[in-house]
Amino acid sequence: MEQEAKGEPLSVSQAMARAKDALEACRVTMIGEVSEISDKPRYKAVYFTVKDDHASLPCLMWKDRYRAAGVELHVGMLVQLTGRFSLYAPRGRMNFDVSELSPAGEGDLRRRVAALAKKLQAAGLMDQARKRPLPPLPQKIGLVTSPNGAAVHDVLRTLRRRYPLAQVQLAGVQVEGPQAPQAMMMAMKTVVDAGCELVLLVRGGGSFEDLMPFNDEKLAITISRCPVPVVTGIGHEPDTSIADMVADLRCSTPTAAAEAVSADVGQLRSSLDGFGDSMQGALRRLVDVGRLKLERLESRPVFTDSHALLGGAAQTLDLQQERLRKALPRNIERDASGLENARRRLGSAGASLVAPSASSFSFAQQSLLARGRVFSECFDAQWRLRASRLNDLSPLAVLGRGYSLTRTEEGEIVRSVEQAPCGSHVQVQLAEGALDCEVQGSSASAHTSDSESFEPMKIGENHE
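Residues numbered from 1 in each chain as written. Predicted model: local features only at pLDDT ≥ 70, side-chain atom pairs only at ≥ 80, totals over all residues. Heavy atoms only, no water.

Observations concerning the side chain of Arg 203
In plain terms, the rule: Each helix corresponds to a stretch of at least 4 residues labelled H or I by DSSP, and each strand to a stretch of at least 2 residues labelled E; elements are numbered beginning at the N terminus. Each residue gets one of three labels from its accessible area relative to the maximum for its type: buried under 20%, exposed over 50%, partly exposed in between, using a 1.4 Å probe on protein chains only. Two N or O atoms form a polar contact when they lie within 3.5 Å of each other; inside protein one atom must be a possible hydrogen donor and the other a possible acceptor, and for residues adjacent in sequence the pair counts only when both atoms belong to side chains. The contact rule is simple, with two residues in contact once any of their heavy atoms fall within 4.5 Å.
With respect to the helices and strands, Arg 203 occurs in strand 8 (residues 198-203). With a relative accessible area of 8%, Arg 203 lands in the buried category. At 3.5 Å, the side chain of Arg 203 and the backbone oxygen of Val 175 are in polar contact. Among the polar contacts listed, one links the side chain of Arg 203 to the backbone oxygen of Asp 210, at a separation of 3.4 Å. If sequence neighbours within four positions are ignored, Arg 203 has contacts with Thr 145, Ala 151, Val 175, Glu 176, Asp 210, Leu 211, Phe 214, Gly 233, Ile 234, Gly 235 and Pro 254.

Dropping the structure here:
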């Protein structure tokens, strides 16, 4: 101070020492974008530069503080720094000594999105094995997007041009803001319930913050559990969200998504024409082959000469007829003589058997009749006794004494009033005919036990 008062100049070392003291007393917090970084294993500190639109500042952060901050710096990242200015006297270089470091703005968002992506990937939501193929010719396509943006017009225009056969079910929702994820989940359920075979989830371009609804964890889980394939077309080519990662197919733009799910009508027509030509050629070849087979069959002797098929059988028939004509008279004469001999022997034997057998037959007949009467009288008494007992036990006899038999509409016998509540229809069987009745009232028997009339207290009743 004395030298300053006298105007004496300072040495470079003295001036740098005073500047160092003044700078190190200044502790500030700032936000800047990382423009370059040097993190070499042999260095004791991490060196990087932050900048804004008008200035840049070299920074350093000691390795122990850097590791404790848990932030991995990369170029383009927006960070918040807290520290003090320092001056490296031997080189005359000023640095910002960082003591605290954290992502700021979009940088923090990107860090959270990256952490969520790792979590969902570990859970298997991004595995290629679980992603389903798209239907080749969908009849009904669900479109979930903003009804006011350019994306909806791009998709509808593309589908109308390429694949006008498909019916589009549009669910217009907000695709930006804190309520957007829930709205998109409800819209996906709506189009799936409407019978859509796949879902298009699209929106136009925007900043990273604008696309944050598509990085929602619940929306990603909903996409992975959707019963039909989900195709995304969110933002532009560089934009990739969590929804893109878990979707069955990710497209760079809404127009590309519409092209991916639609078959070109011109290509379909060309394919159908090609299939038609192939089928026509195959059918023509089939007809030619059939004609050749028919001509070969037609030229066979069996179709040109009837005797070729039946000649041998006709000759065999003639031969057998001649043999039969010669054999029949001889067999008839032989059988006639044998029959006459048998008749004579039977006549002589029958005469000797008839006389004694007649008396024996008459005696056996009388004996059998006598035994049958004794046998039947025993069973006749038993039969009459059991018939009388069966008549006493017959329900018809009970009905004849004035009783009745009551049945429900299902045919079950009514034994208690619980089987026939008021308003139900019953049939009363009498001795002669039946009555169709409607129950208007009932009364329980006096001997009903207390347990049968017990009614449990309902929920909400007060127990006095």
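A few points about the pattern of salt bridges
For the record, the criterion: Between Lys or Arg on one side and Asp or Glu on the other, a salt bridge is scored when a side-chain nitrogen of the former is within 4 Å of a carboxyl oxygen of the latter.
Applying the stated criterion across every chain yields a total of 12 salt bridges. Ionic pairing is found between Glu 176 and Arg 203, a salt bridge with its closest N-O pair at 3.6 Å. With Glu 176 in the loop between strand 7 (167-172) and helix 6 (180-193) and Arg 203 in strand 8, the pair connects residues that are 27 residues apart, well separated along the chain. When the shortest N-O distance is used, the salt bridge between Asp 244 and Arg 250 registers 4.0 Å. Classification of Asp 244 as buried rests on a relative accessible area of 3%. Overlapping salt bridges, with partners in common, bring together Glu 340, Arg 343 and Arg 344 in one network.

So, the sheet that holds strand 11 (residues 405-408)
Quick reminder of the rule: Here the rule is simple: two strands pair whenever DSSP picks up at least two bridges between them. Angles shown run from 0 to 180 degrees and are taken between the N-to-C directions of axes, each axis being a line fitted to C-alpha atoms and, for helices, limited to the stretch in contact.
Pairing within the open sheet is antiparallel, and its 3 strands lie in the order 11-12-13. In this open sheet, the two strands that pair with only one neighbour each are strand 11 and strand 13 (434-438). Here the average twist between neighbouring strands, direction ignored, is 25°.

A short note on helix 5 (residues 150-162)
Spelled out, the test is: Given a helix with a known number of residues, its expected span is that number minus one, times 1.5 Å. Read the arc as the range of directions from the helix axis to the C-beta atoms.
For helix 5, built from 13 residues, the straight-helix expectation of 18 Å at 1.5 Å per residue is met to within 8% by its first-to-last C-alpha distance of 18 Å. What helix 5 keeps buried is the set Ala 151, Val 152, Val 155, Thr 158, Leu 159 and Arg 162. Down the axis of helix 5, the buried side of the element spans an arc of 140°, and every buried residue falls inside it. Among the exposed residues of helix 5, those oriented more than 90 degrees off its buried face are Ala 150, Arg 160 and Arg 161. Where helix 5 is buried, its residues contact strand 6 (140-145), strand 7, strand 8, helix 9 (254-261) and helix 10 (265-298).

Observations concerning the packing of aromatic side chains
Filter applied, for reference: Ring geometry is summarised as follows: Phe, Tyr and Trp rings, the Trp one being its six-membered ring, pair when their centres sit within 6.5 Å, and such pairs are stacked at plane angles under 30 degrees, edge-to-face over 60 and tilted between the two.
Within the structure shown, the criterion is met by 2 aromatic pairs. Each ring, one from Tyr 43 and one from Tyr 47, has its centre 5.8 Å from the other, and the planes form 85°; the classification is edge-to-face. You can call Tyr 43 partly exposed: its relative accessible area is 27%. For Tyr 47, a relative accessible area of 34% puts it in the partly exposed group. A centroid spacing of 5.1 Å and a plane angle of 70° characterise the contact between Phe 85 and Phe 96, whose relative ring orientation is edge-to-face. A residue pair is termed long-range when its members are at least 10 positions apart, and Phe 85 in strand 4 (residues 78-88) and Phe 96 in strand 5 (residues 93-103) qualify at 11 residues. No difference in accessibility class separates Phe 85 from Phe 96, as the two residues are buried.

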